[in-house]
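# Structural characterization, general
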Amino acid sequence: MELIERPSIQLVDSFQQVRTQSEKLCEPLQTEDFVVQPVVDVSPPKWHLGHTTWFFETFILQPYVKGYQLFNDSYNFVFNSYYESVGKRVVRTDRGNLSRPTVADVFAYRKHVDAHMLAWLENSESIPERAATLLALGLNHEQQHQELLLTDIKYILGNNPLQPLYRPSAAEKSTAANDVSFSEVQEGMHTIGYQEEGFHFDNEKGVHKVFLHPFAIRNSLVTCGEYLEFIRAGGYQNFRFWLSDGWAWVNTEKAEAPMYWHKMDGVWHQYTLGGLQPIDPSVPVTHINYYEAEAFARWAGLRLPTEFEWEAASRRLSPSAPSTSNFVESERYHPVAQKPGNLQLFGDAWEWTQSAYLPYPYFKTEEGAVGEYNGKFMVNQMVLRGGSCATPANHIRATYRNFFQANLRWQFTGIRLAKHI
């Protein structure tokens, strides 16, 4: 078993920062908010706090800390998400039925696990390399749940008839014109996949070459104002713009606008975590699904980029996020208008691509339970790129592959257009 030297102060600080951030995101909630599960895709905030704690207890404390005692041996059943190899669990649809453990119990659970994790990190002369790998995965896993926390809280509050405020956010209006120009990328071979040192998920592995025909990608995200034009042009009533599954979704759901949009006295408003506000035409449109993004692109006479085109364009145009990018740290919890010099490739809204979520060449499932993390979901989902206003800034990169089913739109999902040249 390979060992690494004593954990650094930076690693300890990272652990504390990530764990504190999850609880900070829950500070505006009332006790009743922690238990609600309006739909299957939205987990109660209490469950997120417990599940991310269970991860550290199950995959690090139990196997690597001698003499560690479980906080509560029933919590594996309550807070296991989808790890078949770890044992039975509460059915996902029933997470909102768990009045117990209480919110106070869950916070006590976090305090217990954090104390043992910090004692292990601060007092160990060395730790197994595998444990260090799991620690990095656990921190990134919790950051993923921080984004889910915000979007789930938004769904919980936004579907409450009172539409309560989560937290006031600074309004940011812009009169600057959105950059609707396109950047060209010439044909050729492009390297795809994670190539640097440092943490990355298994679905980013398998560095490989792809040949791309020449294409152009838009230098900004599609705005609410542009999407309003699609609505006013009858976009939701014209089957010619929609995939067959998408048209079936429109008719089943009676969809006529993005999620959280409400027409009040003839004026479109949007529920945000900062409250109900008139639609700002200058900010990127969000909370649309793949069907809506694809239909808008067809209506505009363009298309969505593939995930390989997106990554190749990002490497050429903006390999990393500019300082003006809008991530969760801004505490706006909503997209903002484009800033000069910022192509919006990172932050603001996850960008639908026309690529199905599939393994890269040479993809290999990780050993043990964590092998269930990504690989078994590589079917019937579409890839998104770039992060959103709910994503932690140090969590995103050009090779990051997010994925959701085509009908889902409770995440901050938006549109970038592309075209053949």
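The rules behind each value
- Residues numbered from 1 in each chain as written.
- Predicted model: local features only at pLDDT ≥ 70, side-chain atom pairs only at ≥ 80, totals over all residues.
- Heavy atoms only, no water.
- UniProt positions renumbered as here; feature names shortened; annotations may be inferred.
- Buried < 20%, exposed > 50% of the residue type's maximum accessible area, 1.4 Å probe, protein only.
- Helix = DSSP H or I, 4+ residues; strand = E, 2+ residues; numbered from the N terminus.
- Pairing = 2+ DSSP bridges.
- Contact = heavy atoms within 4.5 Å.
- Core = buried A, V, L, I, M, F, W, Y, C linked by side-chain atoms within 4.5 Å.
- Phe/Tyr/Trp six-rings, centres within 6.5 Å; stacked < 30°, edge-to-face > 60°.
- Salt bridge = Lys/Arg side-chain N within 4 Å of Asp/Glu carboxyl O.

Per an unreviewed UniProt entry, the protein chain is named Ergothioneine biosynthesis protein EgtB, and its organism is Imperialibacter roseus. Under the Pathway (unreviewed entry) heading, UniProt states for the protein chain: "Amino-acid biosynthesis; ergothioneine biosynthesis."

### Some points on the pairing of strand β8 (residues 267–272)
Most of β8 sits inside the fold, with five of its six residues counted as buried. Of the pairings in the sheet, the one linking strand β7 (residues 261–264) to β8 comprises four bridges and is antiparallel in character. Looking across to β8, one finds that Trp-261 is bridged to Gln-270. As judged from the four bridges shared by β8 and strand β9 (residues 275–278), these two strands associate in the antiparallel manner. Counterpart to Tyr-271 in the pairing with β9 is Leu-276. In this structure, the hairpin formed by β8 and β9 is closed by a connection of two residues.

### A word on the environment of Leu-139
Among the structural elements, Leu-139 can be located in helix α5 (residues 129–158). When the C-alpha atoms of Leu-139 and Gly-375 are compared, they prove to be 19 Å apart, with 236 residues separating the residues in sequence. Setting aside residues no more than four positions away along its own chain, Leu-139 makes contact with Ser-14, Phe-15, Val-18 and Phe-56.

### Re the UniProt feature "domain: DinB-like" (unreviewed entry) in the protein chain
Within this structure's numbering, the places UniProt gives as "domain: DinB-like" (unreviewed entry) are residues 15–148. The span residues 15–148 shows a helical share of 57% and a strand share of 2%, and its end C-alpha atoms are spaced 19 Å apart.

### Section: the nonpolar core
Of all hydrophobic cores here, the largest spans 102 residues; its most connected members are Met-117, Tyr-166, Tyr-227, Trp-242, Trp-261 and Ile-415. Considering every element that reaches this core, the biggest residue donor is α5, with twelve residues. In terms of nonpolar packing, the next biggest core, distinct from the first, is built from nine residues, Ile-192, Leu-212, Phe-215 and Tyr-360 among them.

### Side note on the packing of aromatic side chains
For the structure shown, the criterion picks out 38 aromatic pairs. Between Phe-230 and Trp-299 the ring centres are 5.6 Å apart and the planes differ by 65°, which places this aromatic pair in the edge-to-face class. Remark: Trp-299 occurs in helix α8 (residues 290–299) and Phe-230 occurs in helix α6 (residues 224–232); sequence separation between them is 69 residues. Overall, the relative accessible area of 27% leaves Trp-299 in the partly exposed class. When the centroid spacing of 5.8 Å and the interplanar angle of 55° are considered together, the rings of Trp-261 and Trp-268 count as tilted. Trp-268 matches Trp-261 in its accessibility class, with the two residues each being buried. One aromatic cluster is present, built from ring pairs that chain together Tyr-227, Phe-230, Tyr-236, Phe-241, Trp-242, Trp-261, Trp-268, Phe-296 and Trp-299.

### A word on the pattern of salt bridges
Throughout the structure, instances matching the rule amount to 16 salt bridges. As a salt-bridge pair, Arg-385 and Glu-307 come within 2.7 Å of each other at their nearest N and O atoms. Of this pair, Arg-385 sits in strand β11 (residues 382–385) while Glu-307 sits in helix α9 (residues 307–317), and the two are 78 residues apart along the sequence. Given a relative accessible area of 0%, Arg-385 falls into the buried group. Notably, a salt bridge pairs Glu-311 with Arg-385, separated by 3.0 Å at the nearest N-O pair. On the criterion of sequence distance, the pair formed by Glu-311 in helix α9 and Arg-385 in strand β11 is long-range, its members being 74 residues apart. One salt-bridge network, held together by shared partners, links Arg-19, Glu-23, Arg-110, Asp-114 and Glu-142.

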